[in-house]
Amino acid sequence: RGATAPIRCVVFSPDGHTFATSGYDNINRIWHGFSGSCLKEFRGTSVAEDYKFGAISLAYSPDGTVIACGCYRDNGAVRTRKVGILDVSTGECVRSIDIAEGFVSHL
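Here's a quick rundown of the structure. (Residues numbered from 1 in each chain as written. Predicted model: local features only at pLDDT ≥ 70, side-chain atom pairs only at ≥ 80, totals over all residues. Heavy atoms only, no water.)

## Some remarks on the overall build of the chain
- Each helix and strand counted, the chain has zero helices and eight strands in total.
- When its helices and strands are written in sequence order, the chain yields β-β-β-β-β-β-β-β.
- Across the 107 residues in the chain, those meeting the buried criterion constitute 43%.
- For the chain, the share of sequence-separated contacts (at least 6 apart) that also reach a separation of at least 24 residues comes to 36%.
- Element-wise, carbon and sulfur atoms account for 54% of the exposed surface of the chain, whose accessible area totals about 5800 Å². (Helix = DSSP H or I, 4+ residues; strand = E, 2+ residues; numbered from the N terminus. Buried < 20%, exposed > 50% of the residue type's maximum accessible area, 1.4 Å probe, protein only. Contact = heavy atoms within 4.5 Å. Areas by Shrake-Rupley, 256 points an atom, 1.4 Å probe, with all protein chains shown as cover.)

## Here's the deal with the pairing of strand S3 (residues 27–32)
- Within S3, five of the six residues are buried, which leaves the element mostly enclosed by the surrounding structure.
- In this structure, strand S2 (residues 18–23) lies alongside S3, joined through five bridges in antiparallel fashion. By the bridge assignment for S3, Thr18 is matched with His32.
- From the end of S2 to the start of S3, which pair antiparallel, there are three residues, and Asn26 there has a positive phi angle of about 60°. (Pairing = 2+ DSSP bridges.)

## Some thoughts on the pattern of salt bridges
- If you walk through the whole model with that rule in mind, you get one salt bridge.
- Notably, a salt bridge pairs Arg29 with Glu41, separated by 3.1 Å at the nearest N-O pair. Here Glu41 lies in strand S4 (residues 38–43) and Arg29 lies in strand S3, a separation of 12 residues in the sequence. (Salt bridge = Lys/Arg side-chain N within 4 Å of Asp/Glu carboxyl O.)

## Quick notes on the nonpolar core
- Core analysis: the biggest nonpolar cluster contains 13 residues, and Ala20, Ile30, Leu58, Tyr60, Ile67 and Cys69 have the highest contact counts within it.
- Mapped onto this core, the elements with two or more residues apiece are strand S1 (7–12), strand S5 (54–60) and strand S6 (66–74). (Core = buried A, V, L, I, M, F, W, Y, C linked by side-chain atoms within 4.5 Å.)

## Overview of the side chain of Ser13
- Within the secondary structure layout, Ser13 lies in the loop between S1 and S2.
- One polar contact links Ser13 to Asp15, side chain to side chain, over a distance of 2.7 Å.
- If we skip the residues at most four places from it in the chain, Ser13 touches Thr18, Phe19 and Tyr60. (Polar contact = N/O pair within 3.5 Å; in protein donor to acceptor, adjacent residues only side chain to side chain.)

Structure (structure tokens):
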């Protein structure tokens, strides 16, 4: 397993042992910081209900148990923006917040 498209963003976990990436393939990944091996893949932004959102920003919580993802989708007619909170251990989206305008370029 590994990245199959260019990476949009990278963020290190608070303990520095892992890091998360989000790429243009709309897959978030958790990597081992020392070996570089992919530990987990969260598909479909892991934030949205479908596979069409891409995370443009990521941030770990201080305790490293969740990752916040700023996501964006533009299908030509509708622009949708979300912030999703992912459980790192399960990959499940525990919370999704719709954003009315603008981008979530930094978290």
